[in-house]
Amino acid sequence: MTDTNDKTPAAVNSLSLRELLRVSNFRNLLAADVVSDIGTFMQNVGAAWLMVSLGAGPIFVALTQTAASLPYFLLALPAGSAGDIVDRRKLVLFTESWMMGVALLIGILTIAGLMSPWLLLVLTFALTSGDAFETPTWRAILPELVPRKDLAAASALNGIEFNLARAVGPALAGVVIAAAGVPTAFMVNAASFAGVILVIARWKRPTRKRTAPAETLRGATVDAVRYVRHSPAIIAVLVRTGFVMFFSSALFALLPSVAKSVNHSAIGYGILLGCFGAGAIAGALAMQPARARWSTEGVVSGGVAILGLVLMATSCLRGMVTLSSVLLVGGAAWVIFISLINALVQNLAPDWVRARVLAIFTLVYMGTFALGSAAWGAFAQRDGIPAALLWAGIGTAGTTVIALFAKLPDSTADLSAWNHWRMPVVVKEIGDGLLDGGPVLVTVEYIVPGERQEGFLEAIRQYGRMRRRDGAFRWGIFRDTAVADHYLEIFLVSSWAEHLRQHERQTQADRELEERLLGYVASEPLVRHLIYSRSKED
């Protein structure tokens, strides 16, 4: 995760990285995570190679990627909600133990000769389900491990760790599979979860303090969808991500079949993936010089265009050396796109909803990846792998035109908490039972001089988007017919508890908007809170 400033991992200097490694919890988790990620890449290579070895066609090979991606689509929303409302330490321990158990089962069944293409798909789905449910929580715990000022450095180290695993894991898998068989790669992956489990089990996580009532799983999910719906910048990022992932997924879905056609050894496939990972590391190092010269939009669009060209080149190359060189470039383009998109999503969501926004991002990211893998696999089955890669490359490069109506922001607002609203007054005649009885109506009365009304209306409509984003399910601004300079803002919130949570969701960026709004009014606005009044018959 990055801080609220517009920073990319490559913007962090080496001194910051070395200082961060002195934080024991983060350092230990980083070391355990690199081992686990290497095991995961070995698992992916082993599963893809086993599918090819079982004689499955391109559609089954592509469905391996779908099985590894679909859980992120199905579980994203509940996973993000759980990551914001339950004990994150316990959730990570459960999911890591689940994945270790499934990985061990895959290894045992493969050793026993009981594995089939369909069973491999089912178990791959089960294994990835654990990671899908853990991912939003995993990203959200980073601010709990390091000081906020070091979040950008922590993100840089996580990126280096992941791409190191991407470079080492596939190559190591190729060697292990060639020397000891696919089951050994699966068993190594099962063992790789032990380090993360040990580090998280020993972590003494601080107790979370709440001033507002806790959210329910359903309510937290609704809040996440509402927040994204009323955040145009996040929607732009999601649209761009979805289209790029759909087309570029063809590279990952069909690469095992490409590797099989040019080199019949698993080592060849591992080398190609290793080159992709090495290119990703190079791309991470080149990203900051690029960001210094061009805008975020320019760098992202350039990376996507290059990725499209890589796909087109892969469709016609048949030599290991040339394919490896092209995939080096592809890895660099890929990591530039992914790193900047991830940084934007993290910077566009405040702390209270960050895990859920990341979950929705994951839903779009992995859902379109899964859909694209299946679609391009079916295309390859019908028209051949080269044709599928060619058209996928054209589509990937073509997504750059989306910038015309969904441009990525170059900077992000300060989304740190700003809880300044006074707690609503509740008279003693209204007990807790009445407060829990139904929706809450909030009215705010403004007096706006005539010459300021145009600016006020523009500001209040932006403010209304903030109200809906943070909890209101209905909002409106009305003008008094009897007094021309009187305006009444109203909004409905589903419950009193939700309105109290709404108080905690204000950010420093909202402060700027509120101060601009209040600059148009003649006096302090008059706020009233009304609860739904039920009769005895209700």
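Structure first, text after, so check above.
Please read all numbers here as calculations on a predicted model, not as lab measurements. (Residues numbered from 1 in each chain as written. Predicted model: local features only at pLDDT ≥ 70, side-chain atom pairs only at ≥ 80, totals over all residues. Heavy atoms only, no water.)

Caption draft 1: Region of the structure containing the overall build of the protein. Along the backbone of the protein there are 19 helices and four strands. Of all 538 residues assigned to the protein, the portion counted as buried reaches 55%. A separation of at least 24 residues holds for 86% of the contacts in the protein among residues at least 6 apart in sequence. Of the accessible surface of the protein, which amounts to about 23100 Å², a share of 63% is contributed by carbon and sulfur atoms. (Helix = DSSP H or I, 4+ residues; strand = E, 2+ residues; numbered from the N terminus. Buried < 20%, exposed > 50% of the residue type's maximum accessible area, 1.4 Å probe, protein only. Contact = heavy atoms within 4.5 Å. Areas by Shrake-Rupley, 256 points an atom, 1.4 Å probe, with all protein chains shown as cover.)

Caption draft 2: A look at the pairing of strand 2 (residues 472-479). Where strand 2 meets strand 3 (residues 486-493), seven bridges bridge the pair, whose relative direction is antiparallel. When the bridges of strand 3 are listed, I477 appears paired with E489. Here strand 2 folds back onto strand 3 in antiparallel fashion, the turn holding six residues. (Pairing = 2+ DSSP bridges.)

Caption draft 3: View of the sheet that holds strand 4 (residues 526-531). Taken in spatial order, the four strands line up as 2-3-1-4 in an open sheet, and their pairing is antiparallel. Each edge of the open sheet is held by one strand with a lone partner, namely strand 2 and strand 4. Strand-to-strand, the axes of this sheet are offset by a mean angle of 15°, without reference to chain direction. On the sheet, helix 17 (residues 453-470) packs against strand 1 (440-447), strand 2 and strand 3 and is oriented at approximately 165° with respect to strand 2. (Axes fitted to C-alpha atoms, helices over the stretch in contact; angles between N-to-C directions.)

Caption draft 4: Quick look at the nonpolar core. If you look at the biggest cluster of nonpolar residues, it comprises 99 residues, and the most contacted ones within it are Y269, W334, F337 and V357. Not counting chain neighbours up to four residues away, the residues in contact with Y269 comprise V45, A48, W49, L255, P256 and A259. Counting 21 residues, the second largest nonpolar core, distinct from the first, contains I460, A472, W475 and I477. (Core = buried A, V, L, I, M, F, W, Y, C linked by side-chain atoms within 4.5 Å.)

Caption draft 5: Inspection of the side chain of R88 at higher detail. Relative to the helices and strands, R88 resides in helix 4 (residues 88-111). Other than its neighbours up to four places away in sequence, R88 contacts G83, T137, A140, I141, E144 and R205.

Caption draft 6: A look at helix 14 (residues 354-383). Counted at 1.5 Å a residue, the expected span for helix 14 with its 30 residues is 44 Å, and the 42 Å between its end C-alpha atoms agrees. Across the 30 residues of helix 14, 22 count as buried, placing the element largely inside the fold. Looking one or two residues beyond helix 14, the residue adopting positive phi is G384, at roughly 100°. (Expected span 1.5 Å × (residues − 1).)

Caption draft 7: Main features of the pattern of salt bridges. Applying the stated rule across the entire model yields twelve salt bridges. Where R226 meets D223, a salt bridge forms, and the shortest distance between an N and an O atom there is 2.4 Å. A residue pair is termed a helical-turn pair when its members lie 3 or 4 positions apart in one helix, as R226 and D223 do in helix 9 (residues 217-229) at three residues. E498 is the partner of R501 in a salt bridge, and the nearest nitrogen-oxygen pair spans 2.9 Å. Placement of both R501 and E498 in helix 18 (residues 496-504) is noted, with a separation of three residues, approximately one turn of the helix. (Salt bridge = Lys/Arg side-chain N within 4 Å of Asp/Glu carboxyl O.)

Caption draft 8: Structural detail: the packing of helix 10 (residues 232-262) against helix 13 (residues 320-347). Their axes nearest at 12 Å, the elements helix 10 and helix 13 cross at an angle of 155°. Considering the angle they form, helix 10 stands roughly antiparallel to helix 13. In this structure, helix 10 meets helix 13 at a crossing whose hand is left-handed. The residues of helix 13 that touch helix 10, namely those facing V237, T241, V244, M245, S248, L251, F252, L255, V258 and V262, are M320, L323, L327, W334, F337, I341, L344 and V345. Of the residues assigned to the contact of helix 10 with helix 13, the class counts are 16 nonpolar, two polar and no charged. (Parallel < 35°, antiparallel > 145°, perpendicular 65-115°, else oblique. Left-handed = near helix turned anticlockwise from the far one by under 90°. Nonpolar A, V, L, I, M, F, W, Y, C, P; charged D, E, K, R; others polar.)

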